[in-house]
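Letter by letter, the chains look like this.
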Amino acid sequence: MKTKILLIGIDGLLLNLAIESGSAPTLAALKEEGFYSPMIVEVPTWSGPGWSSILTGSTHAQHGVKDNRFIGHNLLHRPDLLSRAFYQDQSTTTFAAAGWPPIVDPTGLGPIIHERREQQLAYKHRVIVRDGETHGYRSVDAEIGHAGLYAIQNFGPDVSFIYFCGADEVGHTRGVLDHHYLEAITRIDDMVAQLDAAVSVRAEERGESWLIALTTDHGHVDKGGHGGDSDQERASFLIAVGRGRSHPEWPHQVGPENIVELLLAERA
Ligand SMILES: [Zn+2]
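Computed from a predicted structure; not experimentally measured.

Colleague: Explain the nonpolar core here, please?
Modeller: A general feature of soluble globular proteins is that nonpolar side chains tend to end up buried together. One finds Tyr163 and Ile212 to be the most contacted residues of the largest nonpolar core, which totals 73 residues. Broken down by element, this core gets its largest block of residues, 10 residues, from helix α11 (residues 179-206). The residues touching isoleucine 212, leaving out its near neighbours within four places in the chain, are Leu6, Ile8, Asp196, Val199, Ala240, Val241 and Arg243.

Colleague: Would you mind going over the sheet that holds strand β2 (residues 35-40) with me for this structure?
Modeller: Within a sheet, adjacent strands bond to each other through the backbone by hydrogen bonds, running parallel or antiparallel. On the basis of which strands lie adjacent, the open sheet formed by 7 strands has the order β2-β7-β6-β1-β5-β3-β4 and mixed pairing. Only two strands of the sheet have a single neighbouring strand rather than two, namely β2 and β4 (125-129). The mean angle between the axes of side-by-side strands here comes to 10°, regardless of whether they run parallel or antiparallel. Taken together, the 6 bridges between strand β1 (residues 4-10) and strand β5 (residues 159-164) define a ladder with parallel strand orientation. The partner of isoleucine 5 across the bridge, within β5, is valine 159.

Colleague: Where do I start with helix α10 (residues 166-174) in this structure?
Modeller: For an α-helix, 3.6 residues make a turn, and residues three or four places apart therefore share a direction. For α10, the complete set of buried residues consists of Gly166, Ala167, Asp168, Glu169, Val170 and Gly171. Contacts from the buried residues of α10 go to β1, α9 (137-154), β5 and α11.

Colleague: What's the story with the packing of helix α5 (residues 81-88) against helix α13 (residues 259-267) in this structure? I'm lost.
Modeller: When two helices pack together, their arrangement is given by the angle between the helix axes and the distance between those axes. Where α5 contacts α13, the two axes come as close as 11 Å, and the packing angle between them is 35°. Relative to α13, the crossing made by α5 is right-handed. On α13, the residues touching Leu81, Arg84, Ala85 and Gln88 of α5 are Val260, Leu263, Leu264 and Arg267. When its residues are assigned to classes, the contact of α5 with α13 shows 5 nonpolar, 1 polar and 2 charged.

So, how was this worked out
Residues numbered from 1 in each chain as written. Predicted model: local features only at pLDDT ≥ 70, side-chain atom pairs only at ≥ 80, totals over all residues. Core = buried A, V, L, I, M, F, W, Y, C linked by C-beta atoms within 7 Å. Buried ≥ 20, exposed ≤ 12 C-beta atoms within 10 Å, placed from the backbone. Helix = DSSP H or I, 4+ residues; strand = E, 2+ residues; numbered from the N terminus. Contact = placed C-beta atoms within 7 Å. Pairing = 2+ DSSP bridges. Axes fitted to C-alpha atoms, helices over the stretch in contact; angles between N-to-C directions. Left-handed = near helix turned anticlockwise from the far one by under 90°. Nonpolar A, V, L, I, M, F, W, Y, C, P; charged D, E, K, R; others polar.

Have a look at this one:
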């Protein structure tokens, strides 16, 4: 049976700060247990180009997303992880849930993850679209987390992307040295724990093979904000753990544009 992939995206997460402050016990444990590599993201450190690189396996020059306006992008020619898994094997089921509309909303900018409407009609591709920019990510992240949990428990999609933005939101308003940033991280960490538990139950009870990977698109300067080229803004990471299988053995020099290839190779 092919390995099922769950990629969890946590926007604007300073992993070292999260772990050293004790705010992210789940992330700390996953980092210890499985594959871990620090990662440096390209400049400018905006979410649009960042997630486009991670999700399409491309450099900024290749996907053409320069900032969060997505003007002149090349995403239609840079299919995302879920789409590529489907094109590779058309029995593949996929799931995406995100509260930042450019990632999944077909009526907005982007979307980075292709709509693939025919596969949605055939229940091969499920998409949960929320708008955290309008409604705030605290409640929207909780909805995304619950939708992700429901999907894993009930459908067990072959390739999923689940995205949280509550930490980034608070990073912008309060800065990353404020306890609110760490509390937002803890809320996400708890959802990661629930997703991991749901995956582990499936792996155990159904004998399925799963890979859970986690990453971020950029960090933040201390007072909050990103886009520049400081080490702290460019700091990212890749964590991956196996459930019902071994942890992956990947080179410890990973760039955002390598993640799709690494994950798809685990499905081969
Ligand atoms: Zn971001």
